[in-house]
Amino acid sequence: MPISKPHSTLGATNKDSCIDLAMYLEKENKDLDTLLSKTKQLEEIRNIESRKQLFFSHSKINISTNDVVYAIDNNKKKLSKTDAKYFAPTINFSQQELNHILTSVTEKPITDVWQLNQEEYQRYNLQLQEYIRLVMSNYAVNFNRKGKGLKTGEDLVYFAKIEHFRRYKGTDPEVVNGSKKTDGFKPGLNSHAHIIVSRKDKTQKLKLNPTTKEKSTDRVINGNKYHVGFDRMNWINMNESSFDSFFNYQRPEIEKFNNQYILKNGSPQEKKVLSNKIKQSLESKVILEKNVKNNINNTPKRRRG
């Protein structure tokens with residue numbers, strides 16, 4: 001399933017300006033600038049330039065880092081100095097999910113985004129952007145504040161950026177065993193998304209905290225009624241459902257979030273029942289694929305004449 005994490009920060013404090021986070025998310029563009037400095041071939045320069053990523057929102061693309069910082073930092077009406085001003089969700093995909101997305105943009109087998117031509121690369125990014133917009137509408141829904149006007153991602157102030165590369169960290173097994181060096185690029189498909197979303201909604205009337213422990217709670221403070229909470233589990237499930245529907249993905253039982261959760265946290269009996277269900281599902285899939293293959297092989301070929 002798409003791994004959806006509503007981080008409070010990414011190593012920086014979220015009680016001040018988001019400038020440090022926004023500048024951190026320029027890291028891939030800086031890597032591309034390094035590549036640009038090493039080539040003088042016009043076609044290669046164009047190819048590298050076309051790979052750069054800017055921020056996008058629910059309705060706009062190609063948003064500058066300066067505009068992101070300005071919008072987030074100025075959407076904080078009535079927030080105190082100690083209040084969080086923004087949050088930094090991340091959306092990560094499995095190799096199976098990324099491979100499936102790529103089948104909609106190219107017929108070639110892809111193991112690295114550099115294998116996509118400029119047109120395919122653009123289509124790939126547009127697909128990911130549209131999905132992130134669905135994720136952020138799901139984000140809005142799970143605050144349960146529709147009555148207050150929070151219905152879709154359009155009611156939020158957020159900016160997202162797609163990244164396609166990951167670097168090795170000191171804790172990665174490959175670094176620990178000495179086969180890879182820290183900060184080196186990981187091979188394969190590593191596309192994911194970073195999001196900066198304001199603590200306040202677009203009207204600056206609602207305070208929104210996706211890291212709260214409460215799912216859905218009504219409170220009365222000084223005679224005023226408030227609804228607080230965020231259902232992270234439901235957000236993850238909705239994101240999985242949105243992925244499968246948007247990309248027409250037939251998700252195997254073993255990849256479903258609810259099943260993964262049971263396998264990790266369920267009782268011994270629950271794990272046993274689910275394991276049998278997954279085993280039967282895999283066996284049925286093998287039988288189906290075998291029958292399809294046999295039917296194809298047994299289809300009479302037309303005579304040429």
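In what follows, the structure referred to is the one given above.
Bear in mind that the values here come from a model prediction, so they are computed numbers and not experimental data.

**Thoughts on the pairing of strand 5 (residues 192-198)**
- With seven of seven residues buried, strand 5 is to be regarded as a mostly interior element.
- Side chains His192, His194, Ile196 and Ser198 project from strand 5 onto one buried face, and the interleaved Ala193, Ile195 and Val197 project onto a second face that is buried too.
- Alignment of strand 2 (residues 86-87) against strand 5, held across two bridges, turns out to be antiparallel. Counterpart to Tyr86 in the pairing with strand 5 is Ser198.
- Both strand 3 (residues 90-92) and strand 5 contribute to a ladder of three bridges, which runs antiparallel. Paired with Asn92 across the bridge in strand 5 is His192.
- Examined bridge by bridge, strand 4 (residues 158-163) and strand 5 share six bridges and lie antiparallel to one another.

**Description of the side chain of Asn92**
- Within the fold, Asn92 resides in strand 3.
- There is a polar contact of 2.4 Å between the side chain of Asn92 and the side chain of Arg166.

**Quick look at the packing of aromatic side chains**
- Taken as a whole and judged by the stated rule, the model has 15 aromatic pairs.
- Centroid distance Tyr139 to Phe143: 5.1 Å. Interplanar angle 80°. Geometry classified as edge-to-face. There is no split in this pair, since Tyr139 and Phe143 are both buried.
- Among the aromatic side chains, those forming a connected cluster through ring pairs are Phe93, Tyr131, Phe243, Phe246, Phe247 and Tyr249.
- The lysine or arginine in question, Arg51, covers the ring of Tyr121, its NZ or CZ lying 4.5 Å from the ring centre.

**Examining unusual backbone geometry**
- Its identity is not glycine, yet Lys78 carries a phi of approximately 70°, on the positive side.
- Locating Lys78 in the fold gives a position in the loop between helix 4 (65-73) and strand 2.
- One non-glycine residue, Asp183, lies in positive phi territory at about 80°.
- Relative to the assigned elements, Asp183 resides in the loop between helix 7 (173-176) and strand 5.

The rules behind these values
- Residues numbered from 1 in each chain as written.
- Predicted model: local features only at pLDDT ≥ 70, side-chain atom pairs only at ≥ 80, totals over all residues.
- Heavy atoms only, no water.
- Buried < 20%, exposed > 50% of the residue type's maximum accessible area, 1.4 Å probe, protein only.
- Helix = DSSP H or I, 4+ residues; strand = E, 2+ residues; numbered from the N terminus.
- Pairing = 2+ DSSP bridges.
- Polar contact = N/O pair within 3.5 Å; in protein donor to acceptor, adjacent residues only side chain to side chain.
- Phe/Tyr/Trp six-rings, centres within 6.5 Å; stacked < 30°, edge-to-face > 60°.
- Lys NZ or Arg CZ within 6 Å of the ring centre and 35° of its normal.

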